[in-house]
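# An overview of the molecular structure
Here is what each chain is made of, one letter per residue.
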Amino acid sequence: EADIYQTPRYLVIGTGKKITLECSQTMGHDKMYWYQQDPGMELHLIHYSYGVNSTEKGDLSSESTVSRIRTEHFPLTLESARPSHTSQYLCASSRHHRTSGALNEQFFGPGTRLTVL
Amino acid sequence: GNSVTQMEGPVTLSEEAFLTINCTYTATGYPSLFWYVQYPGEGLQLLLKATKADDKGSNKGFEATYRKETTSFHLEKGSVQVSDSAVYFCALQGGSEKLVFGKGMKLTVNP
């Protein structure tokens, strides 16, 4: 069973506020990911990390930033939230090494639904 | 680049109906293929997977076969239940190990 946690589950804030979405996993996975899911359900990779002190931009440009100071923790920060940031944010993790016959399955957290007024 | 095209919904079925969700892909090399499911208010869960041509993934009565000749990975279930109501995503994983998702299909099953 996946052990990946996201907090808060729901967040409603005003424009201009700084927010941090938390993501933690207890599986010792090196790789972690942030996806943005729009109301039409489509998923977009916005950030990923292959390990401590490694962060990369994903396929969809995002004004958010991430950090990876500890293996288990991959927080996402918005310095100044805007209504256009309203979305569901999903965090995921997977193992680093691809072994023969095994898949680096991504395990997903429950998501944070962010609403910016 | 890699891409996934899946049948878009929403789709509404009656309980015990047969389900097929089409998924085709474009990729270089030999990607791994996945179906993920998202139940209301939750994150994604891996439903089934296949790593090479002709592999069949199966779980909870769902099946999908990796068809390299047609570049497809269609999801099927012989008799759906109300509890199968969810959003279904087809995905592939290539050499970069990043997942590429289809747009998702919302399924509603009525009693």
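Structure first, text after, so check above.
Residues numbered from 1 in each chain as written. Chains lettered and ligands numbered in written order. Predicted model: local features only at pLDDT ≥ 70, side-chain atom pairs only at ≥ 80, totals over all residues. Heavy atoms only, no water.

## Quick notes on the overall build of chain A
Across its full length, chain A holds 0 helices and 11 strands. Each principal axis of the C-alpha atoms in chain A carries an extent, and together these give about 50 × 30 × 25 Å. Within chain A, the proportion of its 117 residues that are buried is 44%. In chain A, the share of contacts with a sequence separation of at least 24, taken over all contacts with a separation of at least 6, comes to 54%. Working note: accessible area of chain A is about 5700 Å², and carbon and sulfur atoms make up 51% of it. (Helix = DSSP H or I, 4+ residues; strand = E, 2+ residues; numbered from the N terminus. Buried < 20%, exposed > 50% of the residue type's maximum accessible area, 1.4 Å probe, protein only. Contact = heavy atoms within 4.5 Å. Areas by Shrake-Rupley, 256 points an atom, 1.4 Å probe, with all protein chains shown as cover.)

## Observations regarding the sheet that holds strand β9 (residues 75–77) of chain B
Residue and element names in this part refer to chain B. Read from one edge to the other, the open sheet built from 4 strands follows the order β3-β9-β8-β7, with strand pairing classed as antiparallel. Two strands lie at the open edges of the sheet, namely β3 (19–21) and β7 (56–59), each paired on one side alone. Ignoring strand direction, the axes of neighbouring strands in this sheet form an average angle of 15°. Bridging between β3 and β9 involves 3 bridges; their strand directions are antiparallel. Its bridge partner being in β9, Leu 19 is matched across the sheet by Lys 77. (Pairing = 2+ DSSP bridges. Axes fitted to C-alpha atoms, helices over the stretch in contact; angles between N-to-C directions.)

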